[in-house]
Each structure stands twice: as C-alpha cells, then as structure tokens.
Amino acid sequence: MTRDACLALDAADALAPLRAQFELPPGLVYLDGNSLGALPKSVAARLHSVVSEEWGRDLIQSWNTAGWLELPRRVGDKVARLVGAGEGEVVVADSTSVNLFKVLSAASRLARADHPERRVLVSERSNFPTDLYIAEGLCRDLGWELVLLEPDELPGRLGPDVAVLMLTHVNYRTGRMHDLAALTAQAHAAGALTVWDLAHSAGAVPVELGRADADFAVGCGYKFLNGGPGAPAFVWANPRHSDRFWQPLSGWMGHAAPFAFTPDYRPAPGIARYLCGTPPVLSLAALECGVDSVLAAEPVGGMGALREKSLALTTLFARLVEERCAGSGLELVSPRDAAQRGSQVCLSHRAEGESGGYAIVQALIARGVIGDFRAGDIPSSDILRFGFTPLYTRFVDAWDAVEHLREVMSRGEWREPRFHRRSAVT
Ligand SMILES: *Cc1c(COP(=O)(O)O)cnc(C)c1O
C-alpha cells in the first residue's frame, strides 16, 4: 500500500463527492466524527434564515407558518430511514441520557405489568457511563438489580429473573458491535425486553430496528448524524409498545392536545408521547441539515454503501498501523472481524510499563490529526480512538494519519511534557 494507491481509492470512490457537503479545515485529518460530527455547509444558511426570517421577522407565528412544532416528528421521520424504523415511529427530543431514562422507565412498566417477578436489568460493564448511571438510578428507584457483564457473558445470563437487556449497539471504547437482531431474539426467547442505544450506530452502520423487532431505542444527534454540539437526540419505541404506557416525563408536548390546556394528562398516540417540553428549534434546524447530509448518500447506495466504505477505511487504517508502527507498543483493540466492528478503530499503547495513550493523541492533534483518548479504569485499558465517518473521511486521510502516528512514535514526540497536560475534555 502506498499514498498514491490511497489517492486512487479516493478517485474511484462513488461516495467521495459527499465530502463537499462539509466545512472541513484544509490540512486537517478529522477522525473524531464519532464524538462530534463535522459541520455541514448548509447549516449556516439554514440557521441564518431561521434566525432572521422565522424568528426575527415572523416571530411567534413561525410555530405555525414555519412548521416549528412539527420539527421533532419531521426530523424523526428522517432519522427513521437510517435505523430501519417506519414513518411516525421516531421523534427527536432532549438528550440521549434523558431519552434513555424515558424508554427504560417505559420498558420497566411493561415488565412490571407482564412479569412482576423479573427484577434484573442486564447491561455491559464497559457501556457508556451515562447509560449505566441512568440505569443505576432507575434500578435504585425500582428496587431492581443492575447486572453488568462482559459481552460474551450476556446470552448466558438471560434467565427468568431478567426484565430488560440494555445495550449500546457499538461500544464507544472498543468499537465492538453487537449482533442486534440475534441478541434481541435471545432476549425475547428468555422473556426480556431490549433497549438499544444507537449513539455510535445511527449514520455509521446499517440498523434494522423493525426487522429485528427490538423494543426500544435511543440515539445521539451530534455524532455520525452531524447535528452540532449538544444536538437533540432521538427515541424509538416499537409500535407494539408505544401506546401501552406513557413515559414518566409527561410534559405537555407529549399530550394528545397540548393546546387544549386541560389540567389532566392525556398522552398523544404513538411515539409523540415521548416528547416532553418545547422543542429547541435552532438546534433541530441544524440537526435536520446533519441528517440530510447522511440521507444524501441514498442515491449512491445509502447506509449499505457507507458501511462498505467505513469497513474499507477501518480495515486499511488498522492494517497500516500494524505494518508501519510495528514495535512502537501500539496494539489494535477493535475487532479484526469486520462483522463485529463499528466505524472506529481503537488502539492501546504500552511501552516500558507506561501507557502513552493520552500524550500520543495530543501529539497527533498538534500535527493536525484529530482523534481522542478514553481513559480506562486501569492504565492498560486506556484507549486511543479514531472514528471514521465515511461521508467525509478519505482513504488518503487514513494514510496520512498513520504517517503522523509513525513519526510521533519513532521520534518519541509523545514523551514531550507539553503533551501530558490534561484538559477538561479528552
Ligand atoms: C455519546 C453517547 C451518549 C451521550 O449522551 P448525552 O445525553 O448526549 O450526553 C450516551 N450514550 C452513549 C452510548 C454515547 O455514545
């Protein structure tokens, strides 16, 4: 493999023109779209029009005339196309953490109604912390037990006491991807409900919520959906469940008739009851541009084509690291098996008993290669994380990132004290 060969792959890539949708600083290799997606060029004009025309000129009438009230559903319908859900099954609202609380609460109500003897919520030990914290809080309120396991232990633990299996489809640390359909089927066979977090899946890997007959799902707007910092999140409930109970944050936007102003709560039919308060219009407008940037791949193969390119990129990057950085103490943590890999590559680093993960990432950032660092509970589980967004990442970016990494390692650049100072956000 050579840099020229990577340039040839880019030249032959049918998805390559989609990169022009994004504002990306020249010379920068951005491998952190799994943490904050790049800025679609359409956002500035859209926000300008929402601010100056819809808000500035038309003021409160825009709730009706500009369709502000419909935004959570309209953007939800677009997200639905990316996660194998139907029209009217997804809404965009609140944050991933808050939506997780809503769906876990709804799942617990179903479980308590149908199987009151089941009082265990199962998840993965290395799930994203906010997911575990939300589950822990809910379990404390319900008097349930939260059981945390390694991925391979999950199927064996789905016994008669398990009410809910809550998993993140693609692990934020390792990039390991669960088989959503198989685990959903195993959970159902054992009498448990499933709650899936698609934070690292939506816009990155194909997801078939409906075909898998999953129960509930949430996901993030600011990662592979390119919705901007703090973009609202999405929530899906299988239509089979959506009308049975309402979620505990029974705010007026989830009411059947919010503008009837009745003193009592009557939930809206379907997924709309998962809305709570007034939608964040500016953020939703930016998120819609982000979701549109992913849907722009539909004419050239959609999520299937994006997945193919994502795997080609991660496979190339992992291979180049192993070949060109051999002997530097870097090791591949993400699965080698493509079927088990999301859209990121994670490395660990050990040299002379020391983990240089944080400093290596800082040295790369100083060279214009943006990845990130995730601390483990022990230094040997520290991780260097590189996200590959197939919409805008090129094969030559993978090559250039590895060349910088090779130089950082071979010159011992990461040992410089300036790369060891910690910032608040890693
Ligand atoms: C990014 C991410 C979140 C973020 O939650 P917020 O409520 O937006 O802070 C939650 N869960 C997972 C698995 C994530 O990857």
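Everything quoted here is computed from the prediction, not taken from an experiment.

### Topic: the sheet that holds strand S9 (residues 216-219)
Moving on, step 1. Taking strand neighbours across the sheet as the criterion, the seven strands line up as S4-S10-S9-S8-S7-S5-S6 in an open arrangement whose pairing is mixed. Each edge of the open sheet carries a strand with a single partner, namely strand S4 (90-93) and strand S6 (145-149). With strand direction ignored, the average angle separating the axes of adjacent strands in the sheet is 20°.
Moving on, step 2. Pairing analysis gives three bridges linking strand S5 (residues 120-124) to strand S7 (residues 162-168), with the strands arranged parallel. By the bridge assignment, Val 120 is partnered in S7 with Val 162.
Moving on, step 3. Seen against the sheet, helix H6 (residues 129-142) touches S5, S6, S7 and strand S8 (193-197) and runs at an angle of roughly 150° to S6.

### A closer look at helix H2 (residues 42-57)
Moving on, step 1. Compared with an ideal rise of 1.5 Å per residue, which puts 16 residues at 22 Å, H2 spans 21 Å between its outermost C-alpha atoms and is within 8% of the ideal.
Moving on, step 2. Of the surrounding secondary structure, the elements contacted by the buried residues of H2 are strand S3 (39-40), helix H3 (62-65) and helix H11 (281-295).
Moving on, step 3. Looking one or two residues past H2, Leu 59 carries a phi angle of roughly 45°, positive in sign.

### As for the packing of aromatic side chains
Moving on, step 1. Evaluated as defined, the whole model comprises ten aromatic pairs.
Moving on, step 2. Taking the centre distance of 6.1 Å and the plane angle of 35° together, the rings of Trp 252 and Phe 261 count as tilted.
Moving on, step 3. On the accessibility criterion, Trp 252 (35% relative accessible area) is partly exposed.
Moving on, step 4. Residue classification places Phe 261 among the exposed residues on the basis of a relative accessible area of 58%.
Moving on, step 5. Taken together through their ring pairs, the aromatic side chains of Trp 252, Phe 259 and Phe 261 make up a single cluster.
Moving on, step 6. Note that Lys 223 overlies the ring of Phe 128, its terminal NZ or CZ placed 5.3 Å from the centroid.
Moving on, step 7. Sitting above the plane of the Tyr 358 ring, Arg 422 keeps its charged end 4.3 Å from the centroid.

### Quick look at the site of the ligand
Moving on, step 1. The immediate surroundings of the ligand are formed by Ser 95, Thr 96, Ser 97, Phe 128, Thr 130, Asp 131, Thr 168, Asp 197, Ala 199, His 200, Tyr 222 and Lys 223.
Moving on, step 2. With respect to the ligand, the side chain of Lys 223 contributes an N or O atom lying 2.5 Å from an oxygen atom.
Moving on, step 3. Protein contact buries 87% of the 390 Å² of open area that the ligand shows by itself.
Moving on, step 4. For the shell around the ligand, the per-class residue count stands at three nonpolar, six polar and three charged.

### Digging into the pattern of salt bridges
Moving on, step 1. Overall, the coordinates contain 29 salt bridges when judged by the stated rule.
Moving on, step 2. As a salt-bridge pair, Arg 336 and Glu 322 come within 2.8 Å of each other at their nearest N and O atoms. Of this pair, Arg 336 sits in the loop between strand S11 (330-332) and strand S12 (344-349) while Glu 322 sits in helix H12 (residues 302-324), placing them 14 residues apart in sequence.
Moving on, step 3. The class for Arg 336 is exposed, based on a relative accessible area of 57%.
Moving on, step 4. Note on Glu 322: relative accessible area 37%, which makes it partly exposed.

### Some remarks on unusual backbone geometry
Trans peptide bonds make up the majority, and among non-glycine residues the majority have a negative phi.
Moving on, step 1. In this structure, Leu 59 takes a positive phi of about 45° despite not being glycine.
Moving on, step 2. By the secondary structure assignment, Leu 59 is in the loop between H2 and H3.
Moving on, step 3. Despite not being glycine, Asp 94 shows a phi value in the positive range, around 50°.
Moving on, step 4. Since its relative accessible area comes to 31%, Asp 94 is described here as partly exposed.

### Quick look at the sheet that holds S12
Moving on, step 1. Spatially, the four strands line up as an open sheet ordered S11-S12-S15-S14, and their pairing is antiparallel. Of all the strands in the sheet, just S11 and strand S14 (372-374) have a single pairing partner and so form its edges. Direction aside, the axes of adjacent strands within the sheet are offset by 35° on average.
Moving on, step 2. Here H12 sits on the sheet in contact with S11, S12 and strand S15 (383-387), set at roughly 20° to S12.

### Structural notes on the pairing of S9
Regular strands place their side chains on alternate faces of the sheet.
Moving on, step 1. The side-chain alternation of S9 yields two buried faces, one formed by Phe 216 and Val 218 and the other by Ala 217 and Gly 219.
Moving on, step 2. Across three bridges, S8 lies against S9 in parallel orientation. Among the inter-strand pairings, Asp 197 is bridged to a residue of S9, identified as Val 218.

### Things to note about the domain arrangement of the protein
Moving on, step 1. By the assigned domains, the protein splits into domain 1 (3-30 + 302-415) and domain 2 (47-295).
Moving on, step 2. The centre of domain 1, based on its C-alpha atoms, is set 30 Å off from the matching centre of domain 2.
Moving on, step 3. Both faces combined, the contact of domain 1 with domain 2 buries some 1,800 Å², and carbon together with sulfur accounts for 59% of it.
Moving on, step 4. Considering only the surface of domain 1 that becomes buried against domain 2, Met 303, Gln 340 and Gln 344 emerge as the three largest contributors, covering 29% of it.
Moving on, step 5. Taken together, the links from domain 1 to domain 2 amount to zero salt bridges.
Moving on, step 6. If you look at where domain 1 meets domain 2, you find seven residue pairs in polar contact (both at pLDDT 80 or more).
Moving on, step 7. Taken together, the elements giving at least two residues each to the side of domain 1 that touches domain 2 come down to H12, S12 and S15.
Moving on, step 8. Ranked by the residues each element gives to the side of domain 1 that touches domain 2, the list is headed by H12, at three residues.
Moving on, step 9. Residues of the side of domain 1 that touches domain 2, tallied by class, amount to twelve nonpolar, nine polar and five charged.

Rules used in this analysis
Residues numbered from 1 in each chain as written. Predicted model: local features only at pLDDT ≥ 70, side-chain atom pairs only at ≥ 80, totals over all residues. Heavy atoms only, no water. Pairing = 2+ DSSP bridges. Helix = DSSP H or I, 4+ residues; strand = E, 2+ residues; numbered from the N terminus. Axes fitted to C-alpha atoms, helices over the stretch in contact; angles between N-to-C directions. Contact = heavy atoms within 4.5 Å. Expected span 1.5 Å × (residues − 1). Phe/Tyr/Trp six-rings, centres within 6.5 Å; stacked < 30°, edge-to-face > 60°. Buried < 20%, exposed > 50% of the residue type's maximum accessible area, 1.4 Å probe, protein only. Lys NZ or Arg CZ within 6 Å of the ring centre and 35° of its normal. Near = heavy atom within 4 Å. Polar contact = N/O pair within 3.5 Å; in protein donor to acceptor, adjacent residues only side chain to side chain. Areas by Shrake-Rupley, 256 points an atom, 1.4 Å probe, with all protein chains shown as cover. Nonpolar A, V, L, I, M, F, W, Y, C, P; charged D, E, K, R; others polar. Salt bridge = Lys/Arg side-chain N within 4 Å of Asp/Glu carboxyl O. Domains from an automatic or database assignment. Buried area = accessible area lost by both parts, 1.4 Å probe.

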